[in-house]
Structures are given as C-alpha cells and as structure tokens.
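What follows is each chain in one-letter form.
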Amino acid sequence: MLKSAFKTSTEWMKMLGQLRRLARLEQLGRLTMLGAAGCLLSVLFATTAMGNAREQQRVFFSFDASNGLADNSAQTIRCSAMGRMVISTIGHINFYDGDAFSHTDPKAENIFPLPKYNGHYHMYFDKFNHLWLKDRRSVTCVDLLTERFVEDVGGVLAEIGIKRPVDDLFGDRNNQLWFLSDDRLYSIEYQRDYPVRKGVEIQDVDVFRDSLMLQFYADGIVSAYSLKDSRHMWDSDSQVDSDTLKYDKSSVLFPYADLFFQIRNGSKAAVLLSFDVMKREWKEILSTPYHLNNMAFYRHRLYVASEYGYWIHDYRANEVRHRKELLLANGRMLLTDVNAIAFDRQGGMWIGTERRGLLYSKPIRSPFIAYTWDEKEAVDFAALMDRELPAQQSLGRHVNCQFKDSRGWVWTGLYTGLEVLRPGRRIPSTITRKDGLQNEMVRCIVEDNDHNIWVGTSYGVSHLIIRNNEISNIETFTEGDNVPNESFVNGRAMKLPNGRIVMQSLDHVICLNPRGFYRDSVRAMQLCPSLIRVQVNGQRVSPGMTVDGRVIIDKAVSNVREICVNYNQNSVSLTFSGHNYYRPIQTCYRYRVKGLSDKWQVLSYYNSAGLVDSKGLLHLPMLALKPGTYEIEVQAAMTDDNWQGEPYTWVLKVEEPWWRSTGIYILLALIILALAFYNLFLFYRNMRMRLACRNEEKKLLRRIRNYTDRCNRLVDEVLTPYTVSMVTNLEAERDEQSEFTQMMLQIVPYVNRHKGLDFSVRRMSELTGVETGHLYDLLSENIYKSPRPVAIRLRLQEAAKLLKETDLTIEEIADQCRFVSPNYFIASFYHLYRLVPQEWRARFGKS
C-alpha cells in the first residue's frame, strides 16, 4: 500500500517525521485497557507500514581507501564469473574477494595511446585473459593471469595478431576485440576488415546474433554490417533531437536480448535510449540535464548511474524511478554522484562513486528494523513489553532470563551460554559458541510461530531452528544485518499477535518478521569458492616469489590450479573465499583432500573451530605432508545441505627428495640391472674359467700320475755307468730343477701311497708348501721332462735312509737300491750329499 503511495525517499522521510511527532501522546502507563488495545493496533499497523516503506529503500555499506581500496574514486565495476569484484579507480585496478582489496599499480610505460578515443573509463575483457581499461586517448592492459599491468601493450597486440596502428579499440558482448585502424574496423575473431563512416566518430561496437556487427556513431546513426562478408546491411537514426551534436561526447552501450540500451552524453545533458534491432525502432527512456555514466541490468530492471544518485528503469512495467539520495547503514542519507553500478552473483548491488569509494547493498533487505528511542515505535514497543511481559524476578546468580516454550522446554539464559531442559530429563544441555551462538551472554529469549527460538545476547541475535525436536541449525545476525551493535536487555523480548518479534537493546528496539527472511532465495544463491591465499611453511607466497630456491606459484593466486612444493616445504595452508558478500558468516564449506582422505568434511563458522572465520573464509592447513599428489576439492554454499554443481579442484604436489625422485630410482634400477648383468657375466666367466681350470687340473693330475708311473718304472732299472753322465750332472740339475725336483720328491711318494684315490692340486700345494699358482707354473714347465733325476734321488734318499736306520753294508745297500756296483753307488751318493756313505752313516747313523 505504502509502496505506491511514497515514490521518493523524500516523501518517505516526511511520513517518518509525522510518525515521530505522534510519540508526544500521553504515557501508555496511564491508558485504559481500551486505550492499550488501540495502541497495540496502531503499533501493529505502524510496524507493517514502516516495514513496507523501509523495504523500498536500499541500505548501503561503504568501502573506501581505509578498507584497502586504492582510491576513493571508483570509475568502473565488474563481477567476474567466479564472483570476484573488479573495480577501476584513478589509474588502478582493484580486486575484492570478500577478505581484502588488492590492487595493481600502473607505470607510465603501461599506457598505450588511442588517438581517436575521447570518452572516459571503459572496461573490457577479452578471450586472452586480458582486461583493457580505456580512458581519454589511452588504454592500459592488465594480464589477469598475473593481475599486473602489461608493460608492453604493443607487444600484446602483436601477440594476438594486431600488427597495424591502433586508433581505438572496442569489446563486444562476446568478449571479442575490435580495432579501429585507418578508417577500417578489424576483428581478430573473423580475421576481416569492416568499413566505417568517415568524418564521424565511432563510439561503440557490438554484435547481434552472430550475424550483424553494429557501429554506433556520435551523430546517433547505427550502421549494420554482415559479419561474414562485411557487407553494409542498413542504417538507423535514433532521431533523438534535431541537434544531432547535443549528445555527441560519449556513449555507453548495454546489450540485453534483442535490445541495446544506449547512454549518450553531451556537454551537460544526457539521454537513455533503447534500440530494438529486429524492429529497428528507437525509444527514449530518460533524458537528464546532467550526465548519465553507466548501466547494469538485474531482474528486468535497468540501473543507470548518474551525477545525482541512480535511476531505475523497470523494463516490464515501463516505469522510471530516481534514487537521488542513498541510505547508508548508519542511517545517514547520502547525496552523491554515481560512476558505475554492478551486481554480484548473489544479486548484491555495488555502486562506484566519484569521491566516496564503493557502496554495497545486500540483495535481500534485512527483516530487522531498529528503532531508536526518539521514534514512536520504540516507545510503544517498550510500553507494550512493560504491560505484557511478567515482572523480572531474581533467577539466581549468573542467570539472565528464563523462557518456557510451547513444547514445554525450559530455556535459561546464562552468562556462559543457553541452557535447555526438556520434559522428562533431569540434566539440561548447554549451547555455547562452539555450537553456533555468536555470544554466550544470553539476555532474552522468545519463540516464533514456527516454534523456533530467537535469542538476544550481548552481541547479536541468534536464531535456533528446531526440526524433529532437535536443534538443526543456528543462524546469527549482527550489525551487518541491521542489528544494533549493543547488548540486549534481560528478559525484554516478546512475540506480537501478527507474528512479528520485538527485542529491546540498550539504545534501540528491534522488530523482525521471522517469515520475512527469504530462506529459499538465500538457499538458492550459488557460491563459487576460489583460492585467495597460499602459505608454505608459515610464509605467505606471492606470484613469482622464490621460497628455498623454488618458485611456488607463477600466476595470481586466484588463477592457480596447481601448486608444487619441495619435500621440505610440506606444511601448506590454503585460504578460500566463497565470495559471499550477503552474509559472510553464513558461508558453509564442504571439502576433501584426496590423498589424505576421501571423506567429505562440512564446516561453517559455528562448528569449524576457527577454520571458517567471520568473513566466510576457509582456512585449510595441511601439515607434514608426505611426498605425493593431493587433490583438494572444495564447494561453498549458503546452507550445509545444498551443494550445487561440481566441486572446484586444486592439485598440490609435494616433490620427492632428489634421492627418492623417479629419476634417481630409474638410475638406481639401471645401476642395479647393470651390476646384475655384470655379476652374471662374471659368474659365467668364472664358471668357464673354473671349468677350464678343472680340466687343466685334471690334465695336470694325469701328468703327475704319469710322471709317478714313469718314476716307478725306473725303480727296477739298474744304474750302470751308462747313466754316469746324468749322475755327474746332478750338481747342475740341482741348480736348475732343484725346486721342481724337491716338490716332486714329496708328490711322487704321496701318489704312490694313495693309489686309486682322488687328489687335487690344492692338496699338492698344501703338501709341498708351494702356492697353487706357482705350483701350476712349475708342473706345467717341468712335468713333461724325464723323471730319471727324481728317480735317482728317490733311490739315493732310500739309500740314505738305510744308512741311517740299518746296519746293512754298503754293498748290500747298493744292491738293494739297484746300483750296478758299490763304487757307482758311492760316487752317486757323494755327488748328491757331498759325503761318502761311510761318512753319512757316521754322522747321521743310529750310533
């Protein structure tokens, strides 16, 4: 009713003043029961009327340089696909993710000349991850991957295929760039030149249904060309004014369906037009004696920024309204110029002003209405609570209030939380901050028509939603929801007959409609989480920053999808923003880290032990990670049971130490394989050598046996003077073959004693005390020679033994040892021992 009655904020303020003057009526305490009933009716009517009137006016929260904005002059605003806000100020590009502002600083070399652009700030996005910001006769470019100004704009143009002089550039609805050069319009997308009218400034370019390219000129003419073959199709004149130069200074274009909304500014005046492309019809929507600056479309309404507030064009109702003054959250009305308007993914309205920074209005007006004591409603509500609420009684120490609801549950407000005792139970349960209360000093309690509980505390209001006799969720409302930042009064809360709830704080009385919270609309809001901060081993990482010799990220954090760290950088903390500007504290997250656990974890501000903060940011620490690959999947939502779409994924790789890297493992495997092959080679070689040695040993042993047999065959041979030449050469033979002969003198008897048994060269080596290799050499070099010297020595050894151990005569010994005569025996014995037998016996004999 009041919605149609009060068209402007000025009329609404007049009505508010009239209601305030009614507060001078006599005190409610002196009213009769009939007067009290009449007062209640007036309170209910005023509550409804004022609620409707106040819902007409948006409430704005301000952001300026004190909040981190580069400058208080916000020129253009855009919302990215993820929900991030991009704001241009004088010379800067600002980014806002719900936590803090960041901005890029330009340099003189970042500016590229545009000789034919005479307008003010225009912002375009292209398909190459660039942001282009035009301002009078110049343009700057920001690389969105690094979020830094491009130093060589000409180089970027060359990279995307522009190798001609550029006089101006434009961006269309499809983020395609168009370049004006030498009176020709060139498209990268279509690789084609399009003609332009000569002598008239071209101010805007856009496309229509992928078939037409439209050129908007300063004189109000629109020229259409075929995108495929650049043929001229038609012209259309806006015919706004007989003076075609009245609005020729600048143009702003906004496409919507088959329409184009166009702002045309002159030196002082401006006009807002709509152009139906299919019908080729122009329509004037609004003209003003001052400039119109920018446009945004939201829910069939066109919002137009101007030098004095903003205009609203209801496209369906064909109505135009003007918001000249803006209502701030502190209750002050602001008269300001508006440079830009944009809407975020939730429907929140953002306004850029010339000198007062940014203004933000929530998509849904808070149902909380706060009345100060100089307003009649506050006085009436207080009087009503005086009359209707029972007198406050002493409830004991540390007890602020007590309330019994329709279920028979007894709720007690304590200094340390909210206590509830259910029928049939002897021990109450306590609800504290860890369960979702904003503050544990509970001051007042009341039940609404849906049997949910509302609690006023020393800071904020908490709403306990009860389903199936259990507390399913707790919502908290603070100053961002129009709840006064002050303590509530003990026991001062009640429900009105119309279902609204009133609560008294120190300096205000608040009124709320529990069913006016648009929960379905809030539930449907889609949030897109994005990464806003990376910390490695406790150190915050920025793009291009080197940590322990490694660049962790080479792009802006918001564009990072993969993070690689060394094995000793395995304590990583990631911070995510859900871009929930409406109610940050209500942001819920669901995440899991594949590689640690496949189980989803659901967190909110109330149950996360600080992992989700009051700004709606998720802080995800991952400590002492083992080398490997981890996939972090994150979703954000307004409620913890409504997860929409697929989760967003980030990959974290913790590299193996160099000695455990894949390359090292491969190298070690190759080395082991090579060693195995080498060992196998050595084994087979040794086997062959062993077989060869064994064969050689067998041959050598056979020769030893043959040598022994030959020696044995010489035993019965009678030594005659025929052999004297050999005997006389024993002295020389002793020098040449003494070592071999001495060795064989030990071997031959051994072989004779062990006939029929196997023996080895090693046993021969042990027997003779000669090293095996040397034994091989001696045998190999001498075994083929005549055994006669050995046989003679064996006979002489036998003779020496008989001389030593027996009493046989020389003749008997010579005969027994097969010497032809005693004289030959004596001569042979002397040549070997240098003693005659008699002397030998005398020296070594038994006596």
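Chemist: Hey, could you run me through helix α7 (residues 662–713) in this one?
Modeler: Because the α-helix completes a turn every 3.6 residues, residues three or four places apart line up on one side. Under the 1.5 Å per step criterion, the end-to-end length of α7 is 74 Å for 52 residues, consistent within 8% with the ideal 76 Å. Within α7 the residues assigned to the buried category are Leu682, Glu697, Leu700, Leu701, Ile704, Tyr707, Thr708 and Cys711.

Chemist: I keep staring at the pairing of strand β31 (residues 358–361) and nothing clicks. Help me out?
Modeler: For a regular strand, side-chain orientation follows a simple rule: the groups alternate between the two sheet faces. Of the two faces of β31, the one carrying Leu358 and Tyr360 and the one carrying Leu359 and Ser361 are both buried. In this sheet, β31 lies alongside strand β1 (residues 59–63) in antiparallel orientation, the contact comprising four bridges. The residue of β31 that forms the bridge with Phe63 is Leu358. Sheet topology note: the strand β30 (residues 349–353)/β31 ladder contains four bridges and is antiparallel. Residue pairing for β31: Gly352 is matched across the bridge by Leu358. Where β30 hands over to β31, the hairpin turn is made up of four residues, of which Gly357 adopts a positive phi near 70°.

Chemist: Looking at this model, I keep getting lost on the pairing of strand β9 (residues 138–143). Mind explaining?
Modeler: Among the six residues in β9, five count as buried, and that is most of the element. Pairing of strand β6 (residues 112–113) with β9 involves two bridges; the strand directions are antiparallel. Bridge pairing in β9 links Phe112 to Val139. Pairing of strand β8 (residues 130–135) with β9, which is carried by six bridges, proceeds in the antiparallel orientation. Following the sheet pairing, His130 is matched in β9 by Asp143. Where β8 folds back onto β9 in an antiparallel hairpin, the turn is made up of two residues, including Arg137, whose phi is positive at roughly 60°. Once β9 ends, the chain turns through four residues before running back antiparallel as strand β10 (residues 148–149), passing Glu147 with a positive phi of about 55°.

Chemist: Which parts of the structure should I look at to understand the sheet that holds strand β43 (residues 508–512)?
Modeler: Spatially, β32-β43-β42-β41 is the arrangement adopted by the four strands of the open sheet, whose pairing is antiparallel. Each edge of the open sheet carries a strand with a single partner, namely β32 (369–372) and β41 (488–495). The sheet shows a mean angle of 20° between the axes of neighbouring strands, taken without regard to direction. Bridging between β32 and β43 involves four bridges; their strand directions are antiparallel. When the bridges of β43 are listed, Ala370 appears paired with Ile510. Contacts from helix α5 (residues 376–388) reach β32, β41, β42 (501–505) and β43, with the element oriented near 85° to β41.

Chemist: Explain the packing of helix α14 (residues 822–833) against helix α15 (residues 837–844) here, please?
Modeler: The N-to-C vectors of α14 and α15 enclose an angle of 55°; their axes lie 9 Å apart at closest approach. When the axis of α14 is compared with that of α15, the two are oblique. On α15, the residues touching Phe825, Ile826, Phe829 and Tyr833 of α14 are Pro837, Gln838 and Trp840. Here the residues of the contact of α14 with α15 are counted per class, giving six nonpolar, one polar and no charged.

Chemist: For this particular structure, what's the right way to read the packing of aromatic side chains?
Modeler: Centre-to-centre distance and the angle between the planes together describe a pair of aromatic rings. Counted by the stated rule, this structure contains 39 aromatic pairs. Ring centres of Trp840 and Phe844 lie 4.3 Å apart, and the angle between their planes is 45°; on these two criteria the pair is classed as tilted. Of this pair, Trp840 and Phe844 both sit in helix α15, four residues apart, roughly one helical turn. Each member of the aromatic cluster is reached from another via a ring pair, and the members are Phe819, Tyr824, Phe825, Phe829, Tyr833, Trp840 and Phe844.

Chemist: Quick question: what am I supposed to make of the sheet that holds strand β53 (residues 617–622) here?
Modeler: Sheet strands line up and pair through hydrogen bonds in the backbone, either parallel or antiparallel. In space, the four strands of this open sheet follow the order β46-β45-β50-β53, with antiparallel pairing throughout. Bordering the open sheet on either side are β46 (539–540) and β53, each of which pairs with just one other strand. Relative to strand β50 (residues 572–577), strand β45 (residues 530–536) runs antiparallel, the two being bridged by six bridges. Looking at the pairing, Val534 lines up with Leu574 of β50.

Chemist: Can you walk me through a nonpolar patch on the surface in this structure?
Modeler: The grouping of Tyr665, Leu667, Leu668, Ile671, Ile672 and Leu675 at the surface amounts to a nonpolar patch, some 570 Å² of accessible area in total. The exposure class assigned to Leu675 is partly exposed, which follows from its relative accessible area of 47%.

Chemist: It is not clear to me how the packing of helix α12 (residues 788–805) against α15 should be interpreted in this structure. Could you clarify?
Modeler: Relative orientation and spacing of two packed helices are given, respectively, by the angle between their axes and the distance between those axes. In the contact formed by α12 and α15, the axes pass within 8 Å of each other and the chain directions differ by 50°. Of the possible angle classes, the one that applies to α12 and α15 is oblique. Here α12 runs over α15; the crossing is right-handed. Residues Ala800, Leu802, Leu803 and Lys804 of α12 form the contact with α15, whose participating residues are Pro837, Trp840, Arg841 and Phe844. Per-class residue counts for the contact of α12 with α15 are six nonpolar, no polar and two charged.

Chemist: Could you clarify how one ought to interpret the pattern of salt bridges in this entry?
Modeler: Any two side chains of opposite charge can pair, on the condition that their charged atoms come close. Inspection of the entire model under this criterion finds 25 salt bridges. Here Asp168 makes a salt bridge to Lys134, at a shortest N to O gap of 3.1 Å. Of the two residues, Asp168 sits in strand β11 (residues 168–171) while Lys134 sits in strand β8, which places them 34 residues apart along the sequence. One exposure class covers both Asp168 and Lys134, and it is buried. Between Arg492 and Asp386 there is a salt bridge, with the nearest N and O atoms lying 2.8 Å from each other.

Chemist: Looking at this model, I keep getting lost on the state of the cysteines. Mind explaining?
Modeler: As used here, a disulfide is simply a covalent bond connecting the sulfur atoms of two cysteines. One pass over the structure, following the stated rule, counts zero disulfides. Free of any disulfide, Cys79 has its nearest cysteine sulfur in Cys528, 9.2 Å distant. Overall, the relative accessible area of 24% leaves Cys79 in the partly exposed class. We note that Cys401 lacks a disulfide partner, and the nearest cysteine sulfur, in Cys444, lies 6.4 Å from it. What makes Cys401 buried here is its relative accessible area of 2%.

How each quantity is defined
Residues numbered from 1 in each chain as written. Predicted model: local features only at pLDDT ≥ 70, side-chain atom pairs only at ≥ 80, totals over all residues. Heavy atoms only, no water. Helix = DSSP H or I, 4+ residues; strand = E, 2+ residues; numbered from the N terminus. Expected span 1.5 Å × (residues − 1). Buried < 20%, exposed > 50% of the residue type's maximum accessible area, 1.4 Å probe, protein only. Pairing = 2+ DSSP bridges. Axes fitted to C-alpha atoms, helices over the stretch in contact; angles between N-to-C directions. Contact = heavy atoms within 4.5 Å. Parallel < 35°, antiparallel > 145°, perpendicular 65-115°, else oblique. Nonpolar A, V, L, I, M, F, W, Y, C, P; charged D, E, K, R; others polar. Phe/Tyr/Trp six-rings, centres within 6.5 Å; stacked < 30°, edge-to-face > 60°. Patch = residues over 30% accessible without salt bridge, like charges linked within 9 Å, V, L, I, M, F, W, Y side chains within 5 Å. Areas by Shrake-Rupley, 256 points an atom, 1.4 Å probe, with all protein chains shown as cover. Salt bridge = Lys/Arg side-chain N within 4 Å of Asp/Glu carboxyl O. Left-handed = near helix turned anticlockwise from the far one by under 90°. Disulfide = S-S within 2.5 Å.

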